[in-house]
Amino acid sequence: MPVNQSDYEELLAEYSNNLAAIALLKQHRPYLEMLPSLRRPEESAIVITLPIVRLRHATSIPKSTGAIAAKSATCLPCDIAILMCDPEWKIKTGVEILVFIHRPQEDFSDLLGRWRQTQILLDKEYEWLMPTRYQHVMSEGDNTLHPLFVVFAETPERIKRGLEGAHLPFVIEEGPPP
């Protein structure tokens, strides 16, 4: 049975919630351990749905319509960005987890291609366009990108095998979305 648009939308909406995003990280323990404070996890992660960054340098993306100008804002091809934040100092740490939810009609090359496009976009200096609630958070240091793929039980096995073969972390959402 194929992945439905409503299943994708349900997970996108679910993981837009800070506590649900942290629950997602619990399914991949190495990422949960990246939270600056396990005692205050809800203050240690900034969740951005369909994130936008401002690039400081011009770049071009293969298979794209052309170059993206410096200082321009662009929507990343990932679904959710989880940025780690020190809860005491209100400073974003360098850890950034980018979540890619398997979309309907998307095959392995499309899913992996979204991650690769994100890597190209974020290869040089950039800044996050933060939600209003987090605009006071300061960003410091080098950023380290970590992908996390979310697939469904209905996702074709070749996609799961491909992610496994590429040594990319993924979690399987069993049954209907929460």
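Residues numbered from 1 in each chain as written. Predicted model: local features only at pLDDT ≥ 70, side-chain atom pairs only at ≥ 80, totals over all residues. Heavy atoms only, no water.

A. Broad picture of the overall build of the chain. Across its full length, the chain carries six helices and 11 strands. Considering the chain as a whole, with its 178 residues, one finds that 47% of them fall into the buried category. Of the roughly 9,300 Å² of accessible surface on the chain, 52% is carried by carbon and sulfur atoms. (Helix = DSSP H or I, 4+ residues; strand = E, 2+ residues; numbered from the N terminus. Buried < 20%, exposed > 50% of the residue type's maximum accessible area, 1.4 Å probe, protein only. Areas by Shrake-Rupley, 256 points an atom, 1.4 Å probe, with all protein chains shown as cover.)

B. Spotlight on the state of the cysteines. Throughout the structure, instances matching the rule amount to zero disulfides. No disulfide involves cysteine 75; its sulfur sits 7.8 Å from that of cysteine 78, the nearest cysteine. Classification of cysteine 75 as partly exposed rests on a relative accessible area of 46%. (Disulfide = S-S within 2.5 Å.)

C. View of unusual backbone geometry. Although it is not a glycine, glutamine 105 adopts a positive phi angle of roughly 65°. Relative to the assigned elements, glutamine 105 resides in the loop between strand 7 (91-101) and helix 5 (108-121).

D. Quick peek at the sheet that holds strand 8 (residues 126-128). Spatially, 5-2-8 is the arrangement adopted by the three strands of the open sheet, whose pairing is antiparallel. Looking along the sheet, the strands with just one partner apiece sit at the ends: strand 5 (73-75) and strand 8. Direction aside, neighbouring strands of the sheet carry axes that sit 35° apart on average. Judged from the three bridges that link them, strand 2 (residues 52-55) and strand 5 form a sheet pairing that is antiparallel. Within strand 5, the position partnered with isoleucine 52 by the bridge is cysteine 75. (Pairing = 2+ DSSP bridges. Axes fitted to C-alpha atoms, helices over the stretch in contact; angles between N-to-C directions.)

E. Representation of the pairing of strand 7. Most of strand 7 sits out of view: 10 of its 11 residues are buried. Where strand 6 (residues 80-86) meets strand 7, six bridges bridge the pair, whose relative direction is antiparallel. Considered in strand 7, the bridge of leucine 83 is made with glutamate 96. As paired strands, strand 7 and strand 10 (residues 144-152) are joined by seven bridges and run parallel to one another. Paired with isoleucine 101 across the two strands is valine 150, which belongs to strand 10.

F. Region of the structure containing the packing of aromatic side chains. What the rule picks out here adds up to three aromatic pairs. Ring plane angle 25° and centroid distance 5.2 Å describe the contact between phenylalanine 100 and phenylalanine 149, whose orientation is recorded as stacked. With phenylalanine 100 in strand 7 and phenylalanine 149 in strand 10, the pair connects residues that are 49 residues apart, well separated along the chain. For the pair shown, phenylalanine 100 and phenylalanine 149 are each scored as buried. An aromatic cluster is present here, built from Phe100, Trp115 and Phe149 joined pairwise through their rings. (Phe/Tyr/Trp six-rings, centres within 6.5 Å; stacked < 30°, edge-to-face > 60°.)

G. The arrangement of helix 1 (residues 5-15) in detail. Along helix 1, the residues that are buried comprise Asp7, Tyr8, Leu11, Leu12 and Tyr15. One side of helix 1 holds all its buried residues, which, seen down the axis, span an arc of 135°. As for helix 1, its buried residues are in contact with helix 2 (18-26), strand 1 (45-49), strand 6, strand 7, strand 10 and strand 11 (170-173). (Arc of directions from axis to C-beta. Contact = heavy atoms within 4.5 Å.)

H. Quick look at the confidence of the model for the chain. For the chain, the mean per-residue pLDDT works out to 86, and 87% of the residues sit at or above 70. Within the chain, helix 6 (residues 157-165) carries the highest mean pLDDT (97), whereas strand 3 (residues 59-60) carries the lowest (58). (pLDDT = per-residue confidence, 0-100.)

I. Structural detail: the pattern of salt bridges. Overall, the coordinates contain 11 salt bridges when judged by the stated rule. Here arginine 54 makes a salt bridge to glutamate 127, at a shortest N to O gap of 3.8 Å. On the criterion of sequence distance, the pair formed by arginine 54 in strand 2 and glutamate 127 in strand 8 is long-range, its members being 73 residues apart. Given a relative accessible area of 30%, glutamate 127 falls into the partly exposed group. Each member of the salt-bridge network shares a partner with another, and the members are Asp79, Arg103, Glu106 and Arg114. (Salt bridge = Lys/Arg side-chain N within 4 Å of Asp/Glu carboxyl O.)

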